[in-house]
Amino acid sequence: MKDLFNRYKIHCIVCLLLIAYFIFLTGFFPVKLSVSTNSQRTNGTFHGKQISIPNAVYDKVVMVLIDALRADFVFDNDYMPFISEKGRGGQSRRYIVKSHPPTVTLPRIKALTSGSIPGFVDVVLNFDSSSLSEDNIITQGLNHGRKIVFYGDDTWIKLFPEHFIRSEGTTSFFVTDYTEVDNNVTRHLDMELSLDDWDIMVLHYLGLDHIGHTVGPHSSIVPPKLLEMDRVVEKIYTSLEEKGERFLMLVCGDHGMSDQGSHGGASDREVLVPAVFLSPQYKKHVDTWSPHHSLLQIDLAPTLSVLMSLPLPTNNLGQVILGAVDGLSVSQKLDTLYLNCQQIHGLLLSSVADIAHEPSYELAAYAMELHRSYLMDSTGKQAVEDVFRSYELAMDEMSSRIARSLTTYDLYSMSLAIILLTLCLLTTSMTSQQGWWVEKSMPAIGCLALSIILILGHMMACTSQSFYSTLLCGWSLKLLSLQCLLLSAVGLLVTDLWSHKAKFITNLKQWTPKGLLECFLFIGTFAHSLSFGASSFVEEEHQTWYHLTITFLLLSLVTKIQGHLKKLFIEEGENKSTRYHEQDHLNCDGTEQKSATEQRTSSLQQINAYQNGVTKREHMHRSSNEINFNEQNQDSKESNYMSKDQQNDILFPRKRSWKHLLPWKPCVAIAIVILLGRLLRMVNQTGNKWLDTPDLGDWLLRPENKLVLSYIVIVSYAVILVTMVIDLGITTETVAFTAGLGLTYLYRLNSHEILPLFFESGEQHQNLYGTLEARGVYAVILMTNLIALTKWLKNMFRSRFENGGQTKSESLEILIKSKQLYITHAIRILKISWVLLMLLLLRTHNTVLVAMVIVQEQLLGKLLVKEMRLPVRGLALLCWWMGQTVFFQQGNSNSLSTVDVSAGYVGLQDYQAHWVGILLFFATYAGPIFWLMTLVQYVLETESFYKEHTVPVSRSPMLDCTQTLLTERLFTLLWYTLIVTSQRYHLFVWTVFSPKLLYEGMLTFVFFVFAMVTARF
């Protein structure tokens, strides 16, 4: 009954853990405050002079947005010759602009069109975008009679519904297609260039981004794709120029691309993008004005607004790029800067309460005063550059101040989540191994007082201006139900803690580690969580895991050698003692002597049977010879005499062979595991500091090294297959695994990722990029698990009918054992299925990583589980450590840019959101899930041992594992939420701390699934 209660309580606390995380996430990712009204075209007066937006400089504007176009693709290489030629001829203005993280498509489109800084929550909304309600240049263009056409990423159609007179969208999430997705845009150009009924054309090309996700930025297919984009630009420019149009083209990227081919982070490769303005109206000249501040991507929105004679977007925080508005006079440029400054100044007034003491407000006033002085100066001594500079500085300061104030945090939600995590941690850590059974509960008066405190606290928070929460203070039925659930959970947890207060110290003592290895695992886990207080440790978390795992393995090696030498010394002492005892009794009666000697020999054999080593067999052999010698000579006169050699053999045993001085097999096994761990670090560089350092994966993915990669894949498959056969034997499952292995090889072959070493790949599959083979692997995985399930059902029915004559208790015992055997077998089948999935979803060069991880797992299983008998809590932490280490060895990091999006499309021919999300989750967390499966296998295979060493005997070892990992998750999340709350205004809050918070949430979800499944074992 108590064990059942424990399981239910684990379910409840795990669910509360996940709920608390989502509550904190809702409060931490703030809703960006913005003005919902659209700006109007108004004329103003400044020092007696009429101020208005200048008339449109261009009749047609074409925006060519090339997804993931890095700055170096345009400026550091000659991949786009037409754009380079126009730059040399003076018909372009070229800039490098900086985009704000997160560098994903949806927030970048919002920034380009509205001039505002989107929130981090747009990362999630990127997969389900809705119409943009903020003021933006597309809506302003529509409201002022501009005709707009669009072709490309369908995100634009979702953001701006019914804005375009003609449009066609292409999906941005099917990343394996980088040809048709661009052809579907370009095929409309001939028609649109022949028509004259549009004013604005927007083209969003996705092919380059898809190439980056699939094969990386250094692939040989990147230059041809850039040349294709260059020819598109040339075609539009030449056609409009021949027609004599006054036109402007803007060629830019929404975000960049890391050296791994992904994006979402804040590295220079991801945030620095080109912005090239092209027009015949531009003339070659030397720029006399260069801004002192770094140009931002949000500066493009007000610049385009001015060039199209549209009002500046209401929430714009960008500045007009003066170099791009060459067609304006100096007076018009000053008017533009004045209107830009006034627009940002209006946002400052609505965002900051005490405006009079704001330094940026004073800078704006000084810039306008300088502008007034310039207009009044008739001598020409006042330099216009000084006015430009003062406006620039004022708008810089105002934009920074507004950006800090536009986000508000839900402190009540964050605080309640932290309280829930704290109570759950205390409840779990104070849980005794004797169970969670409560003998004495809180009295009624205490429950009543607690309820009153909770209700009053909730009311005070909801009536407070600084703590008001739209989530926890709403009046809808759903929100009221959520509030009741959370307050009830707090009350129950407090009650439970009060019930255990008498045994607080006693319950905490259960976490005292048993042995050096378990102590190191506990301290390492605690220290790792504390390291999150520094942003550098968050960015370079992989280094922490690498050092912890290697140190643990070295410590295991030392412990094993120490234990072996201790056994040798004990054994040697017992051997000498026994020999001296035998020598003293050589003159006794033969019968008695034989009996005593046999008794001593039998005892010694029992001791040595438990202790391994060749020495025990040598001693048994010598003892047996002595006994036979005494029996044969007990009536002889020389029976009381032994030769000198025999006495020396007793007093000074022969030297042991070097083979027995150390436990060579465990030492070699640990050394191999350490060596493989070092090699695994070389496969993928990760983190932030050394992310751009070339690694083994980069070298293998080069086209000239494809043959080496092909051989490595073959060898890795062979190692994996041999390991699986040794572990499982030749069974139906291993045959199915072999078939799946062959299909994964064909998938790599037909995806052109490796070279055909033994046969040519079939032409009929090349256009599908291995889709059929990938689906074949999915079918093999499904069939393997169905076969295992069928076998179990067959055995269950057979055991029921064949044991019909047995008693009910005996039949129940047989069924329980049958179920236990099936669960163990099922975990093995799930593991080999997961290995197949890892080989399919991970990048090709990570095949060798999977092989090395499997070898590590086999060696650690035979050493630490079957030989060293690591305690169950320590075993749980070790598997957790190994899973986290493999997570980073895969190439993952705490940056969103390292997520391998291409893994979500393996075996798919079109975009299916649910399947893409599932496959992406499986690929990203392949390592942690593999080691959690391994943990279950380890525990189930040695459950009898753990039950003998766990108090009480009835408590499940799997329950101990779940409780240990639950404690780790609660402590880590609690500590990290406290850090994030205190650092919410930190410089790196959106680039370092926020992505890590998302990763911790996904890792918590992995544990949630593990706990829900294993809590019933």
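What counts, and at which threshold
Residues numbered from 1 in each chain as written. Predicted model: local features only at pLDDT ≥ 70, side-chain atom pairs only at ≥ 80, totals over all residues. Heavy atoms only, no water. Helix = DSSP H or I, 4+ residues; strand = E, 2+ residues; numbered from the N terminus. Buried < 20%, exposed > 50% of the residue type's maximum accessible area, 1.4 Å probe, protein only. Contact = heavy atoms within 4.5 Å. Areas by Shrake-Rupley, 256 points an atom, 1.4 Å probe, with all protein chains shown as cover. Phe/Tyr/Trp six-rings, centres within 6.5 Å; stacked < 30°, edge-to-face > 60°. Disulfide = S-S within 2.5 Å. Pairing = 2+ DSSP bridges. Axes fitted to C-alpha atoms, helices over the stretch in contact; angles between N-to-C directions. pLDDT = per-residue confidence, 0-100. Salt bridge = Lys/Arg side-chain N within 4 Å of Asp/Glu carboxyl O. Expected span 1.5 Å × (residues − 1). Parallel < 35°, antiparallel > 145°, perpendicular 65-115°, else oblique. Nonpolar A, V, L, I, M, F, W, Y, C, P; charged D, E, K, R; others polar. Left-handed = near helix turned anticlockwise from the far one by under 90°. Polar contact = N/O pair within 3.5 Å; in protein donor to acceptor, adjacent residues only side chain to side chain.

**Here's the deal with the overall build of the protein chain**
Tallying secondary structure elements over the protein chain gives 40 helices and 11 strands in all. Classification of the 1017 residues of the protein chain by burial places 54% in the buried group. Once local pairs closer than 6 in sequence are excluded, the contacts in the protein chain between residues at least 24 apart make up 78%. Of the roughly 45,300 Å² of accessible surface on the protein chain, 61% is carried by carbon and sulfur atoms.

**Section: the packing of aromatic side chains**
In total, this model carries 26 aromatic pairs according to the counting rule given. Note on Phe552 and Trp881: the rings are 6.4 Å apart at their centroids and 75° apart in plane angle, and the pair reads as edge-to-face. With a gap of 329 residues between them, Phe552 in helix H23 (residues 541-584) and Trp881 in helix H35 (residues 872-889) connect regions that are remote in the sequence. Ring geometry for Phe887 against Tyr999: centres 6.0 Å apart, planes inclined by 75°, an arrangement best described as edge-to-face. Of this pair, Phe887 sits in helix H35 while Tyr999 is found in helix H40 (residues 989-1014), placing the two residues 112 residues apart along the sequence. What makes Tyr999 buried here is its relative accessible area of 7%.

**Details of the state of the cysteines**
Scanning the entire structure with this criterion turns up one disulfide. Sulfur-sulfur distance for the disulfide between Cys462 and Cys473 comes to 2.1 Å. Handedness here is read from the sign of the S-S torsion; for Cys462 and Cys473, about -85°, the answer is left-handed. Remark: Cys473 occurs in the loop between helix H18 (444-463) and helix H19 (477-499) and Cys462 occurs in helix H18; sequence separation between them is 11 residues. Cys15 takes part in no disulfide bond, and the closest cysteine sulfur, belonging to Cys12, lies 6.7 Å away. For Cys15, a relative accessible area of 31% corresponds to the partly exposed category.

**Observations regarding the sheet that holds strand S8 (residues 200-205)**
One open sheet holds the seven strands; their spatial order is S5-S10-S9-S4-S8-S6-S7, and the pairing between them is mixed. Looking at which strands have only one partner, the edges of the open sheet turn out to be strand S5 (92-98) and strand S7 (166-170). If you compare each strand with its neighbour and ignore which way they point, the axes differ by 10° on average. In the sheet, strand S4 (residues 60-66) pairs with strand S9 (residues 247-252) via six bridges, with the strands oriented parallel. Bridge pairing in S9 places Leu65 opposite Cys252. Sitting on the sheet, helix H3 (residues 81-89) touches S5, S9 and strand S10 (272-278), and the angle it makes with S5 is about 115°.

**Things to note about the environment of Ser84**
Within the secondary structure layout, Ser84 lies in helix H3. For Ser84 and Val74, which are 10 residues apart along the polypeptide, the C-alpha to C-alpha distance reads 7.9 Å.

**A short note on the confidence of the model for the protein chain**
Counting all residues, the mean pLDDT for the protein chain is 81, and 79% of those residues have values of 70 or more. Between residues 585-654, whose pLDDT stays under 50, and residues either more than four places distant or in other chains, the model counts 66 contacts. In the model, residues 761-767 has pLDDT below 50 throughout and makes 11 contacts with residues more than four positions away in sequence or in other chains.

**A look at the pattern of salt bridges**
Under the counting rule described, the total for this entry stands at 26 salt bridges. For the salt bridge of Asp197 with Arg166, the shortest nitrogen-to-oxygen distance reads 2.9 Å. In this pair, Asp197 sits in the loop between helix H9 (189-194) and S8 while Arg166 sits in strand S7, placing the two residues 31 residues apart along the sequence. On the basis of relative accessible area, Arg166 is assigned to the partly exposed category, the value being 21%. Where Arg372 meets Glu369, a salt bridge forms, and the shortest distance between an N and an O atom there is 2.2 Å. Of this pair, Arg372 and Glu369 both sit in helix H15 (residues 359-376), three residues apart, which is roughly one turn of that helix. The exposure class assigned to Glu369 is partly exposed, which follows from its relative accessible area of 36%. Beyond isolated ion pairs, a larger network of salt bridges with shared partners links Glu541, Glu968, Arg969, Lys996 and Glu1000.

**Here we look at helix H34 (residues 847-865)**
Here H34 is 19 residues long and its end C-alpha atoms lie 26 Å apart, about the 27 Å a rise of 1.5 Å per residue gives. Here H34 lies mainly inside the structure; 16 of its 19 residues are buried.

**As for the packing of helix H10 (residues 207-215) against helix H11 (residues 222-242)**
Put simply, H10 and H11 touch, their axes get as near as 10 Å, and they point 170° apart. For the element pair H10 / H11, the angle class is roughly antiparallel. Taking contact as the criterion, the partners of Gly207, Leu208 and Ile211 in H10 are, on H11, Val222, Lys225 and Leu226. Considering only residue class, the contact of H10 with H11 consists of four nonpolar, one polar and one charged.

**Focus: the packing of helix H14 (residues 330-351) against helix H16 (residues 384-405)**
Look at H14 against H16: their axes get within 9 Å of each other, and the N-to-C directions meet at 25°. The angle between H14 and H16 falls in the class roughly parallel. Between H14 and H16 lies a crossing of left-handed hand. The segment H14 lies against H16, with Val330, Lys333, Leu334, Leu337, Tyr338, Asn340, Cys341, Ile344, His345, Leu347, Leu348 and Ser351 engaging Val384, Val387, Phe388, Tyr391, Met395, Met398, Ser399, Arg401, Ile402 and Ser405. Here the residues of the contact of H14 with H16 sort into 15 nonpolar, five polar and two charged.

**Focus: the side chain of Asn136**
In this structure, Asn136 sits in the loop between helix H5 (122-125) and helix H6 (137-143). Only 2.7 Å separates the side chain of Asn136 from the backbone nitrogen of Thr139, close enough to count as a polar contact. Excluding anything up to four places from it in sequence, Asn136 contacts Thr113, Ser114, Phe160 and Pro313.

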